[in-house]
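Structural description and commentary
Spelled out from the first residue to the last, the chains are:
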Amino acid sequence: MDNTKKKPQPARRRFKAVIDGQSYTIVGNQTEAHMRAVTELMNQQLAQLKKLAPDMSKEEASILLAFNAFQIS
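Residues numbered from 1 in each chain as written. Predicted model: local features only at pLDDT ≥ 70, side-chain atom pairs only at ≥ 80, totals over all residues. Heavy atoms only, no water.

A word on the environment of Leu41. Examined against the element boundaries, Leu41 turns out to sit in helix α1 (residues 32–52). Since its relative accessible area comes to 42%, Leu41 is described here as partly exposed. Distance from Leu41 to Ser62, taken between C-alpha atoms, is 13 Å for residues 21 residues apart in sequence. (Helix = DSSP H or I, 4+ residues; strand = E, 2+ residues; numbered from the N terminus. Buried < 20%, exposed > 50% of the residue type's maximum accessible area, 1.4 Å probe, protein only.)

In structure tokens form, the structure reads like this:
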């Protein structure tokens, strides 16, 4: 029997973000300031990818952005 106490989970928040012109509602436990910062960084990186490779599809840019996020985590 597991007698370890579980830590209380932080409150989950809904955050509306616009990423590359598309609206999303993101649910998480981060602060609104954190979510705004992440959204801004994503938009900056997507804009940079579009500038460097204008023929790249949104899907390709999204995959590269996700890969980069995991690489720096």
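Here the focus is α1. For α1, spanning 21 residues, the distance from its first C-alpha to its last is 30 Å, which sits close to the expected 30 Å at 1.5 Å a residue. Taken together, the buried positions of α1 are occupied by Met35, Thr39, Leu46 and Leu49. In an axial view of α1, the angular spread of the buried residues amounts to 90°, which keeps them on one side of the axis. Summarising the geometry of α1, the exposed residues directed more than 90 degrees from the buried face are Lys51 and Leu52. (Expected span 1.5 Å × (residues − 1). Arc of directions from axis to C-beta.)

Non-glycine residue Asp20 carries a positive phi angle of around 55°. Position of Asp20 among the secondary structure elements: in the loop between β1 (13–19) and β2 (22–28).

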